[in-house]
Structures are given as C-alpha cells and as structure tokens.
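One letter stands for each residue in the lines below.
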Amino acid sequence: MNTLTPLAQDYLSRFDTAIGSLPGHQSSLVTTARQTARDIFARQDFPNKRVEEWRFTNLASLTKGIGDDIAEVPSASASIETPHVMTFVNGRFDAGKSSLDGLPDGIRLTSLAAELDAGNDSLINNSADHRAVVALNTAFMEDGYVLDVAANITLDQPLRVRFVSASGSVQNARHMRNIIRLGDGSSLTLLEEHTAEDGHSYFANPMTDITLEDGANFRHYKLQDENLVAYHLANTDCLLKDNATYENFSLAVGAKLSRNELTTTIVGAGATSILNGAYLMRGQQHSDTTTVTNHLVPENDSRQVYKGVLDDDSRGVFQGKIHIAENAQQVSGDQLSKALLLSDRATMACKPELQIYADDVKCSHGATSGELDEDALFYLQSRGIDAVTARKMLIEAFLADAMDEISDEAVKVYFSGIATAWLQKA
Amino acid sequence: MAIAQETVEQVASVSEKYKYGFVSDIEADTAPIGLSEDIVRFISAKKEEPEWLLEWRLKAYRHWLTMEEPEWASVHYPKIDFQDIYYYSAPKVKDKLKSLDEVDPELLEVYKKLGIPLREQEVLAGVEGAYNVAVDAVFDSVSVATTFKARLEEDGVIFCPISEAVRDHPELVKKYMGSVVPYTDNYYATLNSAVFTDGSFCYIPKGVRCPMELSTYFRINAAQTGQFERTLIIAEEGSYVSYLEGCTAPMRDENQLHAAVVELIIDKDAEIKYSTVQNWYPGDENGIGGIFNFVTKRAACRGENSKVSWTQVETGSAITWKYPSCILQGDNSVGEFYSIAITNNMQQADTGTKMIHLGKNTSSTIISKGISAGRAQNTYRGLVRMGRKAENARNHTVCDSLLIGDKCGAHTVPYIENQSRTAKIEHEATTSKVSEEQLFYCQQRGLTEEESMALIVNGFCKEVLQKLPMEFAVEAQKLVGISLEGSVG
C-alpha cells in the first residue's frame, strides 16, 4: 500500500473535525455524501502521472503541501460592467461586495452554504463520483453559488460571479460547489471570474454542476486569473436535454498550475455543446484543458476550439475526448486544438481522443502545434510594421478564431482586452 | 484481357472464407508445456546457443517475472495462462537436410497452400528478369527454409534464420540484438527475449542495394503453441532493403499467443522498407479462437538521412496490439507509417505508431486507415514526440476510420508532445461510414452489395495500398474484401 501524499493526509486527518462546521452538517444526506466522497478520495489520493487522465499534469508541487510562496498581486487589466454581481471572498459569500437586487422573477442566485444550512439538502446528489478531485470537493465543499432559473426566462445582461482570494485568509484552500439549473426554454449568460487581490499561494477547487432542461440556452464564460503561485483544479459537468445549448468559453491567464476539466453529457436530441477556450501562459505556468463530451443519444452536435499561447518555460496540455455511445446515430462532433510555442523551452502535450460506437456519425479532430509563421512575420515587417508589433498582431489573429466564438459581445470585448494586456507584457 | 481475368479471380476469392485455416499433420519436436528457467535453457540448448545468449535470455526471464501484464490498451480478452503454452515446437527433422527434396512433403504442401514459391529451382527457372523474392519461412518455432541465399551472398547480404546468425555472425547479433528493443522494454517483448525461438536476420552491408525483396512467412501450426519470433534487420550506410512479412495460422477454437519483436537499425543514408500483411486466424464470428498478436516493432534511424517506412495491412488476429515505431535520431531522418487495420466480427485491434523525433529536420508521416465492421473494435493509438533538439522537425498525421454497421466501434487516441518551438505538428482524424449513396451507385452498376463494399473500402485504403510492394498489394486488396465478408446486408 502506497502512503498518501502529505496534502491528502492533511485533508483526511482534518475531515472529522471539519465536517461538524461545514455547511449542511445538520443534514444526514449531506454528511453521508461527504463521508462517501472522503472514502473515494482516501482510496485514490490526488492523481499522479500514472493515472492516464493525468499523465501530462504533475500535481507533486501541490500534494507535498502548499508552501509560503508569494506572488506579485496581479492588477486588473480590463473591466466589465454588469448590473448583477455575486462575490465570494476567500471561499465565502460576501453580501457586502455583491449586488443581487433587481434580478427578474424566476431567477434565483443564492449561496450554497445558506441553502444547505436552510435544509435544502436535495441540491447535493449523492452519486459517488469517482474523480479524486471532485470527491475532495464534495467532502470539503464550503460554499458556492446556486443558480436556479424557471422556465422561459430570458436575461440579456450577463450575471457575474467573482471568486476573489483576498488577504487575511486563514485557510489556503477553497472548495467551491456551484449548482446551476436552467428551466425549459430559458436563456442566460453567466460570467465567472477567479482572481486574487493577494499574493499568497492557495488551492482553488471549484466544481460546477449544470443541468439544462429542454430548449435552455446557457452561455457560460470563465476567466481564470489566479495569482501566479496558486493552484486551480476546476471541474464543470453539464447535462444537456432536448434542444438545449451549452456554450462555454474559458480564458486562462493565471495560476502556477491549472486544470480546467469540462464534462458535457448530451441526453437530448437537437442539443448542442460548444466548448471553446484560450490559455496564455508564461514563466513556469502550467495549463491543462481536459474535455470529455459524451453523446448518449442520437441527433445532436458538439464542437470545440482551443487555442494556446506558450512562452518561456510554460507548459500547455490539451486532452479532449469525444465519446459516442452505441445507437447515438446522426451525431456530429468536431474538435480543434492549436498551440503556439513562443519559446524554445515551452512545451505542449495534446491528446485528442475519439471513442465511437455508432456508425452514422461525423467526427473529426485536429491538433497542431508550432511556432509563428515566419513568412507572415516577414510580410508584416516588409509593410513597415516592427517585429514586436507584428508578432502581437499574429498572436491576436491566432487567438481571434477562438475569441470570435464568444457570442456575448460585452464578454468578448472584456476577454479580448485581457488577452491584449497579456500580450503587452511580453 | 489479363486484367479482366484477374478481376474475375479477385471477385471469386472475395467470397472465400479464411483460406489459411487448414491444419497440417506434421511431426513436431515439442518442449514440455509451460514456462520456467528450464524451458528457457531447453530452447537455448536446442538452438545450440552460446553462453552469452542464454544468460541474456535468463536475465530477460527473471525480469519478466517481476513485470505485470499491461492493461492500458482498449482490448478485452481472458487472462492468458502462460503455463498452458508450448514455447517450443519444431517440425521434426531427420538429420540435416541436403536439399529441399528431403523436406517433409506435408510441409511443402503447406507452403504450396500458402502460395509461397519456396522451391528455389522453380523460381530460378522463371523467366529472366521475373520478380524474385528471397523467402525465409518460419514454421511454429523454427525457420525451415531460406531461399536465394547464394545470390544474396554475392552482394554480401546476409539473410538467414536468426538462430543461424547467432552461430555464424555472433558479433553482429551481439552488437545489435536488444539495442533497439531492450529486454526490459515491455511485458511481451521481455517474454519474447526469454523464449524467442527463431525469426529472420538480415544484414545489408555498406552501399548495397539489396537485389531483391526479402520476405518471411510466419506460420503457427501446432496447437497450444505460442510463437515468439525475433527479427533483426541492419542496414549499413547507404544501403537499401525492402522486407516483406506475412503471417497465417490454422483455425482452432483456442487462442494462441504470438509475441514477436522486430528491431531495425538504419545507418546514415540507408533505408528500410518494411511491409507486413498480417493475416493470423481471427477467430470465428462469435469470437471463438484466433491469435493474440502482441508485437513490438521498432526502428532506430541512427544515421543522418536515414529512412524507415512501415507499411502494414492488419486483417487477422483476434486481438492485435502493435505499434511499429520510429526513433528518428539522425538529423534529416525520415519515418513513415502507413497502416490499414481491418476488424470484423469480434476482432479487436489497438494499433498505431510512435514517432520519436530527436534529430534536427527529422520528418514523419502517419497515414492510418481503420475499418471496423460486425461487432469489432478498432483503435488507433499513436505518439508523436518532438524532443528539445528536434529543430524544424515535421509531423503530419491522418487517421481515418470507417464504420460498417452499428455494433462496431472506432477509436482514436493520439498523444502529441511537443518540446520544440520550431517543430510543426499536424494531426487530423475523421470518422465516417460508407454512405448509402455510394453503395447504391455501385449496385446500380451491377455489383452485389458485398462487391460494392469491397470496392469502396479498397478506395478508402488506396493511399496505403499503393505503398505496398506490388505482389503484396494484390494480396492485400483481396484480403480487404475477404475480411469484410458478411459485414453487409
């Protein structure tokens, strides 16, 4: 029997004490869910490189215990104005920094801790998820947002949820559990931001559970701009019913080590899953994007475009699996991953995977990795544009393919601004 | 006219069942069943091997005992009982043979059925300039005959069973064997290192273009026998060789294990073209019987401008587990992998390649065509790795899968690792099915449904079939048709 990693030992030794003060501790359902998850985590520990799904992402620097590293506090490089904001500071809902007044009827945006303490424990389904990082989240979840949208509600302005790591934090881990349900035919945009106002190292472990009822249309944008000594391991699961549409765009610029894992499961005809993203890494940063798209029934579509820009010693990982179940006929699944290496030391690992058990399907994936096109650079320079500007133009153009997929105009401008600011720092 | 005749024959043979499924009653010399150090010693003694080789085998065997069977491939099969296999079986020979006439007539009959032109005279009597192939035939555990040796020797080419090479050219074998696939490499390669019984050895000296294609036919005949052959090909500076490999086995309702190791060493400016038509018995339509084909093939492009090309047509075996790889060490070296993998009924294939780019300006091409029918599962699994020093390395990968029927599966699992800024990697994969329109069009022109399917599938595979040497291409095309028999309608 291998010994557990120090961080796992630490968690397990704290569990029995912690459970008494975590939200929902009055509920036997929540307690049972936490205990089951604890056991699953204890059996697996944090994933190491021998676990196939984690072969490219090494958590050793996290699992030996978070150190006292301090990073420069990043300053916001772009801004966005939205009427409704919900803010979590150091993993807890902060009403003072939130403005949730005036939400239309039919839209409820609340804190998970409040819901659980109010006895709304049916939010937590007790299905024993086998993923170690998710199990850890279930065992220790402390707060998060709960978004419940009734049928046929449309909200044009994006809702904004901010997770901020601020100074004065006593605990350096945040296990956020977010639960989203959109009723039949409703349509909504949500912008989720993970940022830091403090330079201490921490471990963010958000888990988001989304259910889209028939005809629901959900645009879900995520900015990961943690400080450069932070760890960010996120899981997002989305269930799509008939004619539902899920659009996700993730922009990652922060964290020392981050993994954004998206699992969409399509159980309805006419549903569409669109996963896009961009990651901009430099220094010693590591970014992992892992997607699993499950087509379980006939007649639906999925598509993905991911773009990565890797400078200095940074590492990029893309793993994308498209699974098409037996009898899930007339399905189309497309995927594209492109990475740009700006430095001789940057590396990229890619594993686009197709798993197909039905014959009447159209599936494709493409993956490329390489440097900027010398000819294009030369062309721009020959038109009087200096080399630095030319490089930036080409990188922006490279990212545009993915950025253009963002259907909310305000978010597109906001994310483009962040990308441009990142490039300016080069 | 001749073409019309050939078409008729091809169409006729499309409707054949697995035609190599016969069993030959040949007296065999067999080692006791099971695996132990004694068996390893027995095999080594039978082969009259030198001490160093026995030691190497024993090291491999002891290492094997510490290893676990790999389970990462997407193939499912009952656990293999390694003690229930005969590790050595050889057609019995009375004294040394003086000529082929003294070979067991049953054996010659087998080769006739396999369509191998084994008799030297027959081939030599052929028309001047006719297509010549030197053949090494491996029957269960031993090589039974090698043709054209004299002609090859004129050019300094050594082509013989590996057991003979151990005897006659120990310095070459000692230098190169295990240098590409070390005995610790993986479970099946290690097992092979311990118990390998025969295989082919080729040595092409500096500057020689091998005057003919070299070919090996592997045949498993005896029941409950595992076949563990080892092939070693060395192409010295500036040389060239084209090597063909064919495999068949009788129909039996048990699973037989085939775990081979192939090592290729390519020096500066040299080229090896390695083609395989793998047609081991695939089992019946219910998945009873068939060969477990767990093979390690690897080529080391050691010198500048060296080139290796793997072409494979995988139609047989109940389970195929095979990743012919290229280590592109030399600057400007080139690796190619062209593959057709066809699975029907209950067959499972997990196959692909590894391209490891280490040198500057190295380039590789991967074209993989997977066809899945019946209840078969077909997986492409490949790795492209650009090392830090692989400046301006290039890779282009195309993986296409074709599905026939709604009970089969096609999977693609590529691993792409890039550590070189200046490297360019492109990967594309598609999965589709044969469209109703295509089938209808062909049937409208008077072809039956099965013929239409064979025609369309051959079109799908054409890119790869064209890479095969001519003789093989014809056989492979027919095989494509036969393998898919019963998959439509």
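Here, residues in each chain are numbered from 1, in the same order as that chain's written sequence. Naming scheme: in the order in which they are written, chains are lettered from A and ligands are numbered from 1. The model is predicted, so local features are restricted to residues of pLDDT at least 70 and side-chain atom pairs to those at 80 or more, both for listing and for counting; the totals for chains, interfaces and linings are taken over all residues.

Engineer: Can you walk me through the overall build of chain A in this structure?
Structural biologist: What counts as a helix is a DSSP run of H or I of at least four residues, what counts as a strand is a run of E of at least two, and both are numbered from the N terminus. Within chain A, the secondary structure is distributed over 8 helices and 21 strands. Put simply, the radius of gyration uses C-alpha atoms, and a globule should come to 2.2 Å times the residue count raised to 0.38. Compactness check: chain A gives a C-alpha radius of gyration of 21 Å against a globular reference of 22 Å for 426 residues, within 12% of the reference. The principal-axis extent of the C-alpha atoms belonging to chain A is close to 70 × 50 × 50 Å. With 426 residues in all, chain A has 49% of them scored as buried. Residue burial here comes from a neighbour count, namely the number of other C-beta atoms, placed from the backbone, that lie within 10 Å of the residue's own C-beta, with 20 or more meaning buried, 12 or fewer meaning exposed, and in between meaning partly exposed.

Engineer: Whenever I open this one, the overall build of chain B confuses me. Can you help?
Structural biologist: For chain B, the count of helices and strands is 12 helices and 24 strands. Considering chain B as a whole, with its 489 residues, one finds that 54% of them fall into the buried category. Taking contacts inside chain B between residues at least 6 apart in sequence as the whole, the part at least 24 apart equals 84%. The contact rule is simple: place each C-beta atom from the backbone, and if two of them lie within 7 Å, those residues are in contact.

Engineer: Explanation requested: the environment of S287(A) in the structure shown.
Structural biologist: Residue and element names in this part refer to chain A. Residue placement: S287 occurs in strand β16 (residues 286-295). Residue class for S287 comes out buried when judged on the 27 C-beta atoms lying within 10 Å of it. Between the C-alpha atoms of S287 and A252, which are 35 residues apart in sequence, the distance is 7.8 Å. Those residues in contact with S287, other than ones at most four positions away along the chain, are A252, S258, Y279, M281, G308, G316 and V317.

Engineer: Is there a simple way to explain the interface of chain B and chain A in this structure?
Structural biologist: Accessible area lost on assembly of the parts is the figure often given for the size of an interface. Contacts between the two partners involve 29 residues from chain B, matched on the other side by 32 residues from chain A. Note that Gly is not counted as nonpolar here; it falls among the polar residues with everything else outside the nonpolar set of Ala, Val, Leu, Ile, Met, Phe, Trp, Tyr, Cys and Pro and the charged set of Asp, Glu, Lys and Arg. Tallied by class, the residues present in the side of chain B that touches chain A amount to 11 nonpolar, 11 polar and 7 charged. Between any two strands, at least two bridges found by DSSP are needed for them to pair. Where strand β20 (residues 347-356) of chain A and strand β23 (residues 409-418) of chain B come together, 6 bridges link them in antiparallel fashion. Bridge pairing in β23(B) places A349(A) opposite E417(B).

Engineer: How should I be thinking about the nonpolar core in this particular structure?
Structural biologist: It is characteristic of soluble globular proteins that their nonpolar side chains tend to be buried jointly. When buried Ala, Val, Leu, Ile, Met, Phe, Trp, Tyr and Cys residues are joined through C-beta atoms within 7 Å, the set is termed a nonpolar core. Counting 221 residues, the largest nonpolar core has L212(A), C202(B), L264(B), I266(B), I272(B) and V457(B) as the members making the most contacts within it. For this core, the leading source of residues is helix α11 (residues 449-465) of chain B, giving 8 residues. Contact partners of I266(B), with chain neighbours within four places excluded, come to A235(B), E271(B), I272(B), A299(B), A300(B), C301(B), R302(B), G303(B), S306(B), K307(B) and V308(B).

Engineer: Help me understand helix α3 (residues 51-65) of chain B, please; the structure alone is not making it clear to me.
Structural biologist: Residues and elements named next belong to chain B. By this rule the span expected of a helix is its residue count minus one, scaled by 1.5 Å. Helix length check: α3, at 15 residues, gives a terminal C-alpha distance of 21 Å against a target of 21 Å (1.5 Å per residue), a fit within 8%. Burial in α3 covers these residues: R57, A60, Y61 and W64. Looking down the long axis of α3, one finds its buried residues gathered within 100° of arc, a one-sided arrangement. Within α3, the exposed residues directed more than 90 degrees away from the buried face are E51, W52 and E55. Note that the arc is defined by the directions from the helix axis to the C-beta atoms.

Engineer: Help me out: how do you make sense of the pairing of strand β21 (residues 377-386) of chain B in this one?
Structural biologist: Working note: regular strand, side chains alternate between the two faces of the sheet. Residue and element names in this part refer to chain B. Where burial is concerned, most of β21 is hidden: 9 out of the 10 residues are buried. As judged from the 4 bridges shared by strand β18 (residues 348-351) and β21, these two strands associate in the parallel manner. Residue pairing across strands places D350 opposite T379, the latter belonging to β21. In terms of strand pairing, strand β19 (residues 354-357) meets β21 through 4 bridges, oriented parallel. Across the sheet, residue I356 finds its bridge partner in β21, namely R385.

Engineer: I'm lost on the confidence of the model for chain B in this one. Help?
Structural biologist: Do not read the fine detail of predicted coordinates wherever pLDDT is low. Residues and elements named next belong to chain B. The score called pLDDT rates the predictor's confidence residue by residue, from a low of 0 to a high of 100. In the predicted model, chain B carries a mean pLDDT of 81, and 79% of its residues have values of at least 70. Within chain B, no element has a lower average pLDDT than helix α5 (residues 120-124), which sits at 40, and none a higher one than β19, at 96. Below pLDDT 50 for its whole length, residues 10-16 participates in 12 contacts with residues either more than four positions away or in separate chains. For this predicted complex, the interface confidence comes out at an ipTM of 0.83, alongside a pTM of 0.86.

Engineer: What exactly am I supposed to notice about the packing of helix α2 (residues 28-44) of chain A against helix α5 (residues 132-140) of chain A here?
Structural biologist: The geometry of a pair of packed helices is captured by two quantities: the angle between their axes and the separation between those axes. All names here are of chain A. At a minimum axis distance of 8 Å, the contact between α2 and α5 shows a crossing angle of 145°. Regarding α2 and α5, the two cross each other, and that crossing is left-handed. Contacts from A33, R34, A37, R38, I40, F41 and Q44 of α2 reach α5 at A132, A135, L136, T138 and A139. Class assignment for the residues of the contact of α2 with α5 results in 8 nonpolar, 2 polar and 2 charged. Whenever a helix is involved, its axis is fitted only over the stretch in contact; in every case the axis is a line through C-alpha atoms, and angles between N-to-C directions fall within 0 to 180 degrees. By convention the crossing between two helices is left-handed if the near helix lies anticlockwise of the far one by an angle smaller than a right angle, and right-handed if it lies clockwise.

Engineer: How do you make sense of helix α9 (residues 187-195) of chain B when you look at a structure like this?
Structural biologist: Three or four residues apart is the spacing at which side chains of an α-helix point the same way, because the helix has 3.6 residues per turn. Most of α9(B) is tucked away: 8 of the 9 residues are buried. Buried residues along α9(B) sit in contact with α2 (37-46), α3, β8 (230-235), β11 (261-266) and β13 (290-301) of chain B.

Engineer: Can you help me understand unusual backbone geometry in this one?
Structural biologist: It is generally the case that most residues other than glycine have a negative phi and that most peptide bonds are trans. A positive phi angle, near 55°, is found at N305(B), a position not held by glycine. With 19 C-beta atoms counted inside 10 Å, the residue N305(B) sits in the partly exposed group.

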